[in-house]
Amino acid sequence: MDIVKSIRIAIVVVFAASAAHAQSLPGGFVYLRDVDPGIVQDIRYATANNFVGRPLAGYNAGECVVKQEVGLRLKAVQQELAAQNLSLKMFDCYRPARASLDMVKWSQNGRETAAERRYNPKIPKTELFRLGYIASRSQHSTGAALDLTLVDLKADNSGKYDPAKTYADCTAPVEARAPEGSVDMGTGYDCTDTKGHTAAPSITAEQRAWRKRLVAAMARQGFVNYSKEWWHFSLPGAGGAAYDFPIQPRRN
């Protein structure tokens, strides 16, 4: 009887822990790490390594949060890439609505630093919304949009961003840009320049091949690329309402 009782208690404890974990995210959202822990994550808006130069509102943890269907499809993409010694690398997933408003305030603050200009070398930041590079109401807030790239697992990906170092802008050769530990797509992430357009003619044949490889792998699972950003994908029909819950540390 004691053994049976212990088993029942263990089941209740496990169920309660699972329920508490599930309640931490609303609307069918999941932590991607719980779906596929092998997908590399570098959630840039939870750090100072982004075009704003600080963590954005609502990013209390560097965790990729997505709708469950999105997560399962990313897992399928990752399984295909793993056979080629490649991995997805997530830059941004669900984005709290407050973060988009934070971007709006940033664009209107009347200042433009050298670090900010690395991301938009030719376009004033006040123009980024009008030109469609940033949205005040982002599809990211539905949990169905993603920013990502590819990592060659056979390559040396040890280069790290150094905030004390001065880097060339996002359109410069990969050796001069801030390191991102990923394949060379022709520009850095969040590069607001025509060179960042998926079909940009100004990149090399190898860079174009990498972009096509990423778009094709994502398309096989139903994801659609945004033509002005080689890194941005969405899953039609998986979104819905926009959310504003903050991204919190994942419970183990």
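Residues numbered from 1 in each chain as written. Predicted model: local features only at pLDDT ≥ 70, side-chain atom pairs only at ≥ 80, totals over all residues. Heavy atoms only, no water.

(A) Examining the pattern of salt bridges more closely. Within this structure, the stated rule accounts for 15 salt bridges. For arginine 95, the salt bridge identified is with aspartate 92, shortest N-O distance 2.8 Å. Note on accessibility: arginine 95 and aspartate 92 belong to one class, buried. Aspartate 193 is the salt-bridge partner of lysine 122, the closest N and O atoms lying 3.8 Å from each other. With lysine 122 in the loop between α5 (114–117) and β5 (145–152) and aspartate 193 in the loop between β5 and α6 (205–219), this pair connects stretches of sequence that are 71 residues apart. Judged by relative accessible area, which is 5%, aspartate 193 ranks as buried. One continuous salt-bridge network, built from bridges that share partners, spans Asp92, Arg95 and Asp147. (Salt bridge = Lys/Arg side-chain N within 4 Å of Asp/Glu carboxyl O. Buried < 20%, exposed > 50% of the residue type's maximum accessible area, 1.4 Å probe, protein only. Helix = DSSP H or I, 4+ residues; strand = E, 2+ residues; numbered from the N terminus.)

(B) Representation of the state of the cysteines within the structure. All told, the structure shown has two disulfides when counted by the stated rule. Through a disulfide, cysteine 64 is tied to cysteine 93; the S-S separation comes to 2.0 Å. Handedness here is read from the sign of the S-S torsion; for cysteine 64 and cysteine 93, about -100°, the answer is left-handed. Taken together, the positions of cysteine 64 in the loop between β2 (40–41) and β3 (65–67) and cysteine 93 in the loop between β4 (86–92) and α4 (97–107) put the pair 29 residues apart, joining distant regions of the chain. (Disulfide = S-S within 2.5 Å.)

(C) Spatial organisation of the pairing of strand β7 (residues 229–234). Most of β7 sits inside the fold, with six of its six residues counted as buried. For β5 and β7, the ladder comprises three bridges, and the chain directions are antiparallel. Counted as the bridge partner of alanine 145 is serine 234 from β7. Of the strand pairs in this sheet, strand β6 (residues 224–226) and β7 are connected by three bridges, and their pairing is antiparallel. Counted as the bridge partner of asparagine 225 is phenylalanine 233 from β7. What sits between β6 and β7 in their antiparallel hairpin is a turn of two residues. (Pairing = 2+ DSSP bridges.)

(D) Representation of the nonpolar core. If you look at the biggest cluster of nonpolar residues, it comprises 57 residues, and the most contacted ones within it are Leu74, Leu88, Met90, Leu146 and Met218. For leucine 74, the contacting residues outside a window of four places in its chain are Leu32, Ile39, Leu88, Met90, Leu146, Leu148, Met218 and Phe223. (Core = buried A, V, L, I, M, F, W, Y, C linked by side-chain atoms within 4.5 Å. Contact = heavy atoms within 4.5 Å.)

(E) Inspection of empty space enclosed by the protein at higher detail. Taken as a whole, this structure holds one cavity of 30 Å³ or more when the rule is applied. Within this model, the largest cavity holds a volume of roughly 80 Å³. The wall of the largest cavity is formed by Arg44, Asn49, Arg118, Tyr119, Ala168, Asp169, Cys170, Arg177, Ala178, Glu180, Gly188 and Tyr189. (1 Å grid on protein atoms, 1.4 Å probe; cavity = no way out; pocket = protein on both sides within 12 Å on 5 of 7 lines; lining within 4 Å. Points joined across faces, edges and corners; volume = space filled by probe spheres on them.)

(F) Highlighting the sheet that holds β4. The sheet built from five strands is open, its strands ordered β2-β4-β5-β7-β6 with mixed pairing. Only two strands of the sheet have a single partner each, and these edge strands are β2 and β6. Sitting on the sheet, helix α3 (residues 68–82) touches β4 and β5, and the angle it makes with β4 is about 145°. The sheet contacts of α6 involve β4, β5, β6 and β7, and relative to β5 the element is tilted by about 125°. (Axes fitted to C-alpha atoms, helices over the stretch in contact; angles between N-to-C directions.)

(G) The arrangement of α6 in detail. Taking 1.5 Å of rise per residue, 15 residues should cover 21 Å, and α6 covers 21 Å from first to last C-alpha, within 8% of that figure. All buried positions along α6 are accounted for by Gln207, Trp210, Arg211, Leu214, Ala217 and Met218. Buried residues of α6, viewed axially, fall in a sector of 135°; they line one side. In α6, those exposed residues whose orientation departs by more than 90 degrees from the buried face are Ala205 and Lys212. (Expected span 1.5 Å × (residues − 1). Arc of directions from axis to C-beta.)

(H) Here's a closer look at the layout of surface pockets. For the largest pocket, the calculated volume is near 440 Å³. Around the largest pocket, the lining is made up of 25 residues, and of these Val174, Pro179, Glu180, Gly181 and Ser182 lie nearest the centre. Sort the elements by how many residues they give to the lining of the largest pocket and α6 lands first, with three residues. Split by residue class, the lining of the largest pocket holds nine nonpolar, eight polar and eight charged. (Nonpolar A, V, L, I, M, F, W, Y, C, P; charged D, E, K, R; others polar.)

(I) Examining the packing of aromatic side chains more closely. Under the counting rule described, the total for this entry stands at 14 aromatic pairs. Centre to centre, the rings of tyrosine 94 and phenylalanine 245 are 4.2 Å apart; their planes meet at 10°, and the pair counts as stacked. Residue tyrosine 94 is located in the loop between β4 and α4, and its partner phenylalanine 245 is located in the segment after β7; the two are separated by 151 residues in the primary sequence. Across the pair, phenylalanine 245 and tyrosine 94 agree in class, each one buried. Both rings, one in tyrosine 189 and one in tryptophan 231, keep their centres 5.8 Å apart while their planes meet at 85°; by these two values the pair is edge-to-face. Taken together, the positions of tyrosine 189 in the loop between β5 and α6 and tryptophan 231 in strand β7 put the pair 42 residues apart, joining distant regions of the chain. This pair shows no difference in class: tyrosine 189 is buried, exactly as tryptophan 231 is. Through a chain of ring-to-ring contacts, three or more aromatic side chains come together here, namely Tyr45, Phe51, Tyr59, Phe91, Trp106, Tyr119, Tyr189, Trp230 and Trp231. Cation over ring: lysine 228 sits above tyrosine 133, and NZ or CZ is 5.6 Å from the ring centre. (Phe/Tyr/Trp six-rings, centres within 6.5 Å; stacked < 30°, edge-to-face > 60°. Lys NZ or Arg CZ within 6 Å of the ring centre and 35° of its normal.)

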